[in-house]
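Descriptive structure summary
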Amino acid sequence: MASWANPTVDRLAKDEVPAGEFCGLVVNCSWPMPADVVARYEAFRGELVAAMPAEAYIYPASTLHCTACTLKAFTSGGPLAGAEARDAARARWEPV
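In this text, all values refer to a predicted model and were calculated from it rather than measured experimentally.

What follows deals with a nonpolar patch on the surface. Taken together, the side chains of Leu71, Trp93 and Val96 define a hydrophobic patch exposed on the protein surface, amounting to about 320 Å² of accessible area. Note that tryptophan 93 resides in helix α3 (residues 82–93). Classification of tryptophan 93 by relative accessible area gives partly exposed; the value is 36%.

Quick look at the structure:
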């Protein structure tokens, strides 16, 4: 497997990141996408897969979303202190 320019992404790709090492907060919407968007994207994705080199990873429709904002990038300074802090942060933001 080729290495990635970003060392964190490289570790993620190699499954070398233990659970809880990173913690981020991203507000997403439009997930999952409506069926008509998924159908059109999958047709487009098929064309991309055929046209791109085999090394290119083309995301499946199940990963499509709209990122409204990134409040804390997972790469910006490590995890919240412990599982309780992560659970509390998740509980505060999930209703939003």
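More follows now that the structure is in view.
So, about the packing of aromatic side chains. All told, the structure shown has three aromatic pairs when counted by the stated rule. On the numbers, 5.0 Å between centres and 85° between planes, the contact of tyrosine 57 with tyrosine 59 is edge-to-face.

Enumeration over the complete set of coordinates arrives at three salt bridges. With its nearest N and O atoms 3.0 Å apart, the salt bridge here joins aspartate 10 to lysine 14. A relative accessible area of 40% places lysine 14 in the partly exposed class. Among the ionic pairs, aspartate 87 bridges to arginine 90, the shortest N-O distance being 2.9 Å. Of the two residues, aspartate 87 and arginine 90 are both situated in helix α3; the distance of three residues between them amounts to about one turn of the helix. By relative accessible area, aspartate 87 is classed as partly exposed at 42%. Since its relative accessible area comes to 43%, arginine 90 is described here as partly exposed.

Looking at the element boundaries, aspartate 10 is found in helix α1 (residues 7–13). Under the relative-accessibility criterion, aspartate 10 is labelled buried at 12%. At 3.0 Å, the side chain of aspartate 10 forms a polar contact with the side chain of lysine 14.

In a disulfide, the sulfur atoms of two cysteines are covalently bonded to one another. Throughout the structure, instances matching the rule amount to zero disulfides. Here cysteine 29 stays free of any disulfide, with the sulfur of cysteine 66 as its closest cysteine sulfur at 4.0 Å. Looking at the unpaired cysteine 69, the closest cysteine sulfur is the one in cysteine 29, lying at 9.6 Å. Given a relative accessible area of 30%, cysteine 69 falls into the partly exposed group.

Relative to the assigned elements, threonine 8 resides in helix α1. For threonine 8, a relative accessible area of 16% translates into the label buried. Here threonine 8 is in contact with Phe22, Phe74 and Thr75, once residues within four sequence places are set aside.

Conventions used here
- Residues numbered from 1 in each chain as written.
- Predicted model: local features only at pLDDT ≥ 70, side-chain atom pairs only at ≥ 80, totals over all residues.
- Heavy atoms only, no water.
- Patch = residues over 30% accessible without salt bridge, like charges linked within 9 Å, V, L, I, M, F, W, Y side chains within 5 Å.
- Areas by Shrake-Rupley, 256 points an atom, 1.4 Å probe, with all protein chains shown as cover.
- Salt bridge = Lys/Arg side-chain N within 4 Å of Asp/Glu carboxyl O.
- Helix = DSSP H or I, 4+ residues; strand = E, 2+ residues; numbered from the N terminus.
- Buried < 20%, exposed > 50% of the residue type's maximum accessible area, 1.4 Å probe, protein only.
- Phe/Tyr/Trp six-rings, centres within 6.5 Å; stacked < 30°, edge-to-face > 60°.
- Polar contact = N/O pair within 3.5 Å; in protein donor to acceptor, adjacent residues only side chain to side chain.
- Disulfide = S-S within 2.5 Å.
- Contact = heavy atoms within 4.5 Å.

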